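Survey of secondary and tertiary structure
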Amino acid sequence: MTFLAYALYFGALIGAALMLAAWMARVYAGIPALAGVERLLLRGAGVNPGRDMAWPGYALAVLAFNLVGFIVLYAILRGQGALPLNPDGIGGMAPDLAFNTAVSFVTNTNWQAYSGEAQLSYLSQMAGLTVQNFVSAGTGMAVAVAVIRGFTAAKGTTIGNFWVDLVRSVLWILLPLSILLALFLAWQGVPQTLLGAVTASGLEGTEQVIARGPAAAQIAIKQLGTNGGGFFGVNSAHPFENPTIASNLAQSLAILLIPVAFCFLFGRMAGDRREGRAIFAAMAVMFVAGLVVIHLYEAAGNPALGLGANMEGKEQRFGALLSSLWAASTTAASNGSVNAMHDSFMPLSGLVMLVFMQIGEVIFGGVGAGLYGMLLYVVLAVFLAGLMVGRTPEYLGRKVEAREVTLAVLAFLSMPLGILVGGAIAATVPQALAAVQDAGPHGFSEILYAYSSATGNNGSAFGGWGAAGTWHTTALGLIMLLGRYAIIVPMLAIAGSMIRKTRAPVTSGTFPTHGPLFVTLLILTVLILGALTFFPVLALGPIAEETARAAGQSF
């Protein structure tokens, strides 16, 4: 039954992603019937849609747009107490928390050091966070399309127009899908209202204040855009965010839909769909392996307790199966939403979630971000293949040379810099250590998880972690910026370099990048460069915790 349930889920996911990829290919190529609306919006904003950009201009546009988005969101959060659409009279955010939240949503991380229903007005939720959910996801999608052009388009000097790619991503892909999902969620019981909280009387006569608000619209885009930030504090474990099995399955599909579709879009834009299928295969093998580990450990539970499946921190209506699927999906896809508390998962389940984030969120990853992150590993994989066969490495007919490899290594180093250096500093600062709930290896895992999540722009955390302290709101905000832009800029530079190269014809000596051998090499590259980099710290955290658990020890 478990195998059948997972098979049906993956069948539905792949089928929907294939159809979406076909639509995305048409959208990014330009649909004549939609061009009038695009021109109206772009020219109204002072943009010439016919002017393509070289990679420095594209990167500058990304950074400038995101900077403006940060400033606007920060201002809304600080001033929400004096702004409209605040029926519950919530005051403005503290400066450090507003900084952390604004950075979090602009970078598509959605790390939440606050509880949404208690600390945000409806204006902040809608005009602030929901808007950023759309445009931060649109930014990642636009960058991915530009990077794909750099690898696949005819020789030239430009990789597209950021503003055109952004508008197309939001207007014709994210918005229609979000409307459909929001309507479905509202039908399932997710609230969508501008009325304030409700006061209800319980069976014992005590009063309870029940928060509500315009939740369905935000939840739809938080999943489709791999944003993950919940309207309510406990995210998708809250019955108002995720009331039914049907809503849970719909959101689980939404988390991975666009990231999977980007794999197939890559094959279409490359002119050889096998190339996209090869990248999808590498991602899928690693995802399924991780899901199997999580499912087996959560279904078995802790033998010392003799209670069967590990249900601590999980919703009874979802059980171990749906909680495991969500945990694997949300950490693989840099989504970060949760329908169960990751702090309560078994140690090796936590290990898998950490590895998914630490390798750069490239197993499907964020919308767009997962693909261009995996292309970073592709550059390194073909470089290693070239060394092994004694030939200049090539990918899709273009030579991969020192410049591209150097840029890929620089981008890769942002992960250990944010996780290892950031985490090491936090582990030695008393103000930072105050956030840790547990002693021993699990307490170390809390620190490791937080800094892995921030660097990977995931946004989830172990439940006991005290995220709202000034040290972490500031430090994690800076690390989120590192994790986002230290990969975007080098990948755009690689795309700008690749598109200037003449494509060489395929010969008998060309290393094929669409078969099982390349898929295996790509998986090994990700695991060796990614996972093994963090093995020593994993040994101090979840591995030590599992070893102690197996030996019957506790902390």
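As annotated in an unreviewed UniProt entry, the protein chain is Potassium-transporting ATPase potassium-binding subunit from Rhodobacter ferrooxidans. Turning to the protein chain, the UniProt annotation filed under Subcellular location (unreviewed entry) states: "Cell membrane". Note on the protein chain: under the UniProt heading Subunit (unreviewed entry), the record states "The system is composed of three essential subunits: KdpA, KdpB and KdpC."

Notes on the pattern of salt bridges
Tallying each qualifying case throughout the model produces 10 salt bridges. R149 is paired through a salt bridge with D165; the nearest N and O atoms lie 2.8 Å apart. Note that R149 is positioned in helix α6 (residues 122-152) and D165 in helix α7 (residues 162-188), a separation of 16 residues in sequence. Across the salt bridge formed by R549 and E546, the nearest N and O atoms sit 2.7 Å from each other. You can see R549 and its partner E546 sitting in helix α20 (residues 542-550), three residues apart, about one turn around the helix. Overall, E546 belongs to the buried group, its relative accessible area being 10%. Here the salt bridges do not stand alone but share partners, grouping E401, E404 and K501 into one network.

Notes on helix α16 (residues 440-455)
In a regular helix each residue adds 1.5 Å, so 16 residues correspond to 22 Å; α16 covers 23 Å between its end C-alpha atoms and thus fits that length. Burial analysis of α16 places 14 of its 16 residues in the buried class, the great majority of the element. Immediately downstream of α16, the backbone of N457 shows phi near 55°, a positive value.

Here we look at a nonpolar patch on the surface
A contiguous nonpolar patch, built from L384, L387, M388 and V389 and spanning about 410 Å² of accessible area, is present on the exposed surface. Within the secondary structure, L387 is located in helix α13 (residues 369-389).

Points about the layout of surface pockets
Each pocket or cavity is described by its volume, and for the largest pocket that value is around 690 Å³. The element that contributes the greatest number of residues to the lining of the largest pocket is α20, accounting for three residues. Partitioning the lining of the largest pocket into residue classes produces 11 nonpolar, nine polar and five charged. The space that makes up the second largest pocket amounts to roughly 430 Å³. For the second largest pocket, the lining is made up of 28 residues, of which Q112, G233, V338, G459 and A461 are closest to its centre. Here the residues of the lining of the second largest pocket are counted per class, giving 11 nonpolar, 17 polar and no charged. Built from parts of two domains, the lining of the second largest pocket gets at least three residues from each of domain 1 (20-196 + 211-271) and domain 2 (365-551).

Cut-off values and rules
- Residues numbered from 1 in each chain as written.
- Predicted model: local features only at pLDDT ≥ 70, side-chain atom pairs only at ≥ 80, totals over all residues.
- Heavy atoms only, no water.
- UniProt positions renumbered as here; feature names shortened; annotations may be inferred.
- Salt bridge = Lys/Arg side-chain N within 4 Å of Asp/Glu carboxyl O.
- Helix = DSSP H or I, 4+ residues; strand = E, 2+ residues; numbered from the N terminus.
- Buried < 20%, exposed > 50% of the residue type's maximum accessible area, 1.4 Å probe, protein only.
- Expected span 1.5 Å × (residues − 1).
- Patch = residues over 30% accessible without salt bridge, like charges linked within 9 Å, V, L, I, M, F, W, Y side chains within 5 Å.
- Areas by Shrake-Rupley, 256 points an atom, 1.4 Å probe, with all protein chains shown as cover.
- 1 Å grid on protein atoms, 1.4 Å probe; cavity = no way out; pocket = protein on both sides within 12 Å on 5 of 7 lines; lining within 4 Å.
- Points joined across faces, edges and corners; volume = space filled by probe spheres on them.
- Nonpolar A, V, L, I, M, F, W, Y, C, P; charged D, E, K, R; others polar.
- Domains from an automatic or database assignment.

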